[in-house]
Amino acid sequence: MFGKQHCPVFIFGNNHELLTYSPRTRRSLEAHGIPKGQIGVLNLDSLPIQNLEGEAAWFIQAGAWLPTRPATAVTVLSMPLPSASGRPICALGITVLPSNERTLVEAECGVWRTLLQESCGHIESANELGVRLPTPRSFFLTPQLISQFCLSLNRGLSVAESIRGLVVSPDSRTIHWHAFDVHFEPRLRIAQVITSLQRGGAERIAIDLHENLPPSKHQTLLLSLGAPGRQAFEKPTRTVDLSQLGLNRESRLERCKRECKDFAADLVHTHLLRNSELESLSESGIPITMTIHNTKSGWQDRLNGLKKDVVVLMVACSLAVEQEVHGDVNDIPIRTVWNGIKLPSSNSASGELLQREDTDFVLTAIANPRPQKRLERLPGIAAELQRQVRLSGSDRRVKLLIAGEASKDNELAKVSLETLSSAIAECGIESQIELLGPVTDISELLSRTDCLVSAAAHEGLSLAHLEALACNVPVVATDVGGTREIALKCSGLKLVNVEATSEEFANALLDVTRAPKQNFSDAIQRDFSNTAMTAAYSRLYQRAISSQSRGTGSGLLLVINNFSTGGAQTSARRLLTGLRAKGVAVRAVVLEEAQDFPTVGRQSLAFKGIDVMVLPCAGTIDPLIAIQPLLTSIDRDPPHRIVFWNAISEYKLLIADSVWGIPIVDVSPGEMLYSSFDRYWNRTRPGLAYRNGRDYGRRLSKVVVKYDAERATAESYFGTEVHVVRNGVSIKPAVNLLQPKPQVLIGTVARISQQKKLEELIGAIRLAQDRLPSCRIQIVGGVERGSDAYSTHLRELGQGLPIEWIGEKEDPSEYLATWDVFVLISEPAGCPNAGLEAMSHGLPLVATDAGGASEQVVNDVNGILVPRGDVQRLANAIVQLANDPLLRDRYGTASRHRASTHFGEDRMIEEYARVFGV
């Protein structure tokens, strides 16, 4: 038997293939009796490949799997016998199609069949026949050929080219060996398991995913465990209805596991299953993700009863559901994907579902009878609405239409119908209420509706609400579950309190129907369409599978926009260099640099041996595509901690949403952090379910701020653990401020950017010029991208003043060592490095009382603090220091001492190491 012969098996592929598809291949090999210890990996991205000396070996591409065989047929995995001619053997397995499937490699399978027919199984004769050898997904090599194979790979040849070279060589014998035949699929294979296909929201989501996941990326299988309790959806293709087998639930579950294995699923996505069923499915070894379709009151089981490692990822249908899961489960990753719908076509099928007069005020409720839907409240709401309509002098007739079907043999559904019937009898408008039962054409029903109404006690994220809004029908609904999330995106949904009275409901209904007609469908299409939903699930499937291949993390990965000149960049470089000196493995990734044009900062890090990955420059490509190389790198070589350091908000959200199991820390650069996020919340990425800082904060383990006063702001904004770590600086030789000079030199270091408020400095100098001694004002800093007009404006403002525009300097120390006064007025400010550098040189400071500058400068100790925006006070402070050398010397001495005791570079690095746990 193959397994007993201890022949090594190598799964080969590039980084992405190994991370994504090798688990599928490994499970297949193990299921066919190959011991784990015999299975290795050949990474084609890790050149040079060392010669795999020793015994013969079988090579199988990541993504291939063995055809299903009877359990007794283990002998089919025997190895080829030695060649009678003594030539080394190359035994090829061909690519065959899975039964009843169409795959992306059908053409390849056909070429293999033709090749075997024309060569009669002697593959080396294929060269003479002129048939091109297809890409080999599975092959066996004896030791002599393995050496040649590895040599070819190291010369830059592909696997296909390397094997073709062996096939045509007269020194080897190539044969087809049936035992190595494989199926191959370059797509994710997703099996969804649902309790039944009865009409309902969760079932609709499962079917839509099954039918609408991009076929270029996914092959799908839908498995239904049980018989429907009410009218069922039409069964899609590639569906296995296990309820037709006549087995009990436990036997059907066992059959479900077998179907998932035979399908070679990369991931099983479950809906509405109980904990015990999930635990049973997990025994297949295939990773499981589950969607949670309701808030806690609607859960099948308490999620905290779910055993760890049964589910690799939970997906909530709304942020409200995710928040409740966080309260129950701490050790299973969870993400939110908003439910999506198929948007109605402009030419929906017509049908007379009801008769109405033009004056009818038609309310519609779409809900299968269940206690949480509180249908019994609707007749009273309709009656109150009718009363208010008549009081207003209108003769419009209110009609209430309730569409939905009770599950058979469900006692709670029966109770719900009974209470609804009693409420109808008591409302006084029985003739104006219709129970429509199951309705298949929802668009037609909504086309005859003035307003959708929902009095639900709890909700995940209602498809009925989305369908109504997509048809431009306003909605009045209780503020439960994800309903508020829809309302924040679409003005057509009006919220009422979950305990709202009939009168409050009626008032809300009148408000929305009196409002001018609006187009709500655009908002729904943007965030709640099938397209947005399937794209989000597709991304998370990939991440859930790849995360299973991830090893234990080490070191630190820092994500930053760039390493150009600037305070944040300087601190990042100091941190990376300092941690590396302490033996911590560090690396970085930049979002806004060009690969071929490194900044001086990136060059400096490379010189010190610190690796910096360069992603496609932000603004040139979709961020979701741009971060894929980073995600692959994280999966292949996971860090112990990921640190966001003044990075673009959308990139941070996408990375944080795509990575779990690795703690993430966001380091605040000051007020810019919040303003950047606030801008993002106003233009969020379609379908990405984040609305505010607290939604993002759930993805973080910690936030770091640069000064004490910011801690409370960060805690409130992100709702997570916050630490204070001030920037650090090395102490420089002191400036002699008492040495007589012909002119007083006043300087600042600031990029030419509106955030730096340099117009205030120019204004202060103009106000102070008649009271200043002979002086020059030097401004060191380059023009920030997009600030050319601002730079021109500043030069115009400074006409006639003794101002020198020095430009960008990588190290401004040569100027700091000559200055007498340093002015710091940039806003918003975290813990400005420019101020620390000035202090380390022993300079007195004039600073605006903003951000961390107010903690660097102690008024009348090492400088003068002035209120933000007060140009007159700024002018007065500059005049005071320019005319008093003794005061400058006293402040300068105190500055250097304060930099040494409170803002040392070693202290900063130690504090970050403690916070990061590295």
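Figured I'd write up the structure that's included with this text. Fair warning: this is a prediction, and the values are worked out from it, not measured in the lab.

### What about the pattern of salt bridges?
Inspection of every chain in the model, using the stated rule, returns 50 salt bridges. R396 is the salt-bridge partner of D450, the closest N and O atoms lying 3.6 Å from each other. Here D450 is found in the loop between α12 (442-447) and β19 (451-454), whereas its partner R396 is found in the loop between α10 (378-391) and β17 (398-403), with 54 residues between them in sequence. On the accessibility criterion, D450 (17% relative accessible area) is buried. Residues D635 and R543 are paired through a salt bridge, measuring 2.8 Å at the closest nitrogen-oxygen approach. Here the residue D635 occupies a position in helix α21 (residues 628-636), and R543 occupies one in helix α17 (residues 530-547), the gap between them amounting to 92 residues. The exposure classification of D635 matches that of R543, with both residues buried. Taken together, the shared-partner salt bridges in this structure form one network comprising E322, R335, R539, D657, R691, D695, R698 and R699.

### Description of the pairing of strand β22 (residues 556-560)
Buried residues dominate β22, accounting for 5 of its 5 residues. Side chains L556, L558 and I560 project from β22 onto one buried face, and the interleaved L557 and V559 project onto a second face that is buried too. Each parallel crossover has a hand, and the one from β22 via helix α18 (residues 567-581) to strand β23 (residues 586-590) is right-handed. As paired elements, β22 and strand β25 (residues 641-645) share 5 bridges and run parallel to each other. Note that in β25 the partner of V559 across the bridge is F644.

### Topic: the nonpolar core
Core analysis: the largest hydrophobic core is formed by 102 residues, its most contacted members being L29, I60, I292, V311, M314 and V325. Those residues in contact with V311 that sit more than four places away from it in its chain are L278, I288, T289, M290, L306 and I332. One finds L591, L631, A647 and Y680 within the second-largest nonpolar core, a separate group that totals 38 residues.

### Comments concerning the packing of aromatic side chains
Counted by the stated rule, this structure contains 20 aromatic pairs. Between F677 and Y696 the ring centres are 4.8 Å apart and the planes differ by 40°, which places this aromatic pair in the tilted class. Taken together, the residues F677 in helix α23 (residues 671-681) and Y696 in helix α24 (residues 693-697) connect sequence positions 19 residues apart. On the accessibility criterion, F677 (0% relative accessible area) is buried. Taking 5.5 Å as the distance between ring centres and 70° as the angle between the ring planes, the aromatic pair formed by Y680 and W681 counts as edge-to-face. Each member of the aromatic cluster is reached from another via a ring pair, and the members are Y674, F677, Y680, W681, Y696, Y717 and F718. Positioned above the aromatic ring of F263, the side-chain terminus of R189 is 4.2 Å from the ring centre.

### Here's the deal with the packing of helix α26 (residues 758-768) against helix α31 (residues 871-882)
Running from amino to carboxyl end, α26 crosses α31 at an angle of 60°, the nearest separation of the two axes being 8 Å. Our pair here, α26 against α31, has a crossing hand that is right-handed. Residue-level contacts link E760, L761, G763, A764, I765, L767 and A768 of α26 to V871, Q872, L874, A875, I878 and V879 of α31. For the contact of α26 with α31, the residue count by class is 10 nonpolar, 2 polar and 1 charged.

### Focus on empty space enclosed by the protein
The final tally for this structure, using the stated rule, is 2 cavities of 30 Å³ or more. The calculated volume of the largest cavity comes to roughly 100 Å³. As for the largest cavity, its lining consists of 15 residues, and the residues nearest its centre are I366, A367, K373, V453 and S454. For the lining of the largest cavity, the secondary structure elements donating two or more residues are β16 (361-366), β19 and α13 (463-470).

### Brief notes about the side chain of S280
The residue S280 is located in helix α8 (residues 275-282) in this model. S280 has contacts with L253, E254 and K257, leaving out every residue within four places of it along the chain.

### Some thoughts on the sheet that holds strand β27 (residues 702-705)
Taken in spatial order, the 7 strands make up an open sheet running β24-β23-β22-β25-β26-β27-β28, and their pairing is parallel. This sheet does not close on itself; its edge strands, each paired only once, are β24 (611-614) and β28 (722-724). Strand-to-strand twist of the sheet, defined as the mean angle between neighbouring strand axes without regard to direction, takes the value 25°. Inspection of the sheet shows β23 paired to β24 by 4 bridges, in the parallel sense.

### Quick word on the packing of α10 against helix α15 (residues 502-514)
Two measures define how a pair of helices packs: the angle their axes make with one another and the distance between the axes. Look at α10 against α15: their axes get within 8 Å of each other, and the N-to-C directions meet at 60°. Relative to α15, the element α10 lies oblique. Judged by the twist between their axes, the crossing of α10 over α15 is right-handed. Counted together, G380, I381, E384, L385, Q388 and V389 of α10 and S502, E503, F505, A506, N507, L509 and L510 of α15 form the full contact between these two elements.

### Remarks on the sheet that holds strand β34 (residues 863-866)
Pairing between the strands of a sheet comes from backbone hydrogen bonds, and it takes one of two forms, parallel or antiparallel. Taken in spatial order, the 6 strands make up an open sheet running β31-β30-β29-β32-β33-β34, and their pairing is parallel. Two strands in the sheet have a free side with no partner beyond their single neighbour: β31 (803-807) and β34. Each neighbouring strand pair of the sheet contributes to a mean axis angle of 20°, computed without reference to strand direction. Pairing of strand β29 (residues 744-749) with strand β32 (residues 821-824) involves 2 bridges; the strand directions are parallel. When the sheet's bridge partners are listed, I746 is paired in β32 with V821. Where α26 meets the sheet, it contacts β29, β30 (775-780), β31 and β32, and its direction lies at approximately 175° from that of β30.

Rules used in this analysis
- Residues numbered from 1 in each chain as written.
- Predicted model: local features only at pLDDT ≥ 70, side-chain atom pairs only at ≥ 80, totals over all residues.
- Heavy atoms only, no water.
- Salt bridge = Lys/Arg side-chain N within 4 Å of Asp/Glu carboxyl O.
- Helix = DSSP H or I, 4+ residues; strand = E, 2+ residues; numbered from the N terminus.
- Buried < 20%, exposed > 50% of the residue type's maximum accessible area, 1.4 Å probe, protein only.
- Right-handed = clockwise from strand over helix to strand, strands pointing away.
- Pairing = 2+ DSSP bridges.
- Core = buried A, V, L, I, M, F, W, Y, C linked by side-chain atoms within 4.5 Å.
- Contact = heavy atoms within 4.5 Å.
- Phe/Tyr/Trp six-rings, centres within 6.5 Å; stacked < 30°, edge-to-face > 60°.
- Lys NZ or Arg CZ within 6 Å of the ring centre and 35° of its normal.
- Axes fitted to C-alpha atoms, helices over the stretch in contact; angles between N-to-C directions.
- Left-handed = near helix turned anticlockwise from the far one by under 90°.
- Nonpolar A, V, L, I, M, F, W, Y, C, P; charged D, E, K, R; others polar.
- 1 Å grid on protein atoms, 1.4 Å probe; cavity = no way out; pocket = protein on both sides within 12 Å on 5 of 7 lines; lining within 4 Å.
- Points joined across faces, edges and corners; volume = space filled by probe spheres on them.
- Parallel < 35°, antiparallel > 145°, perpendicular 65-115°, else oblique.

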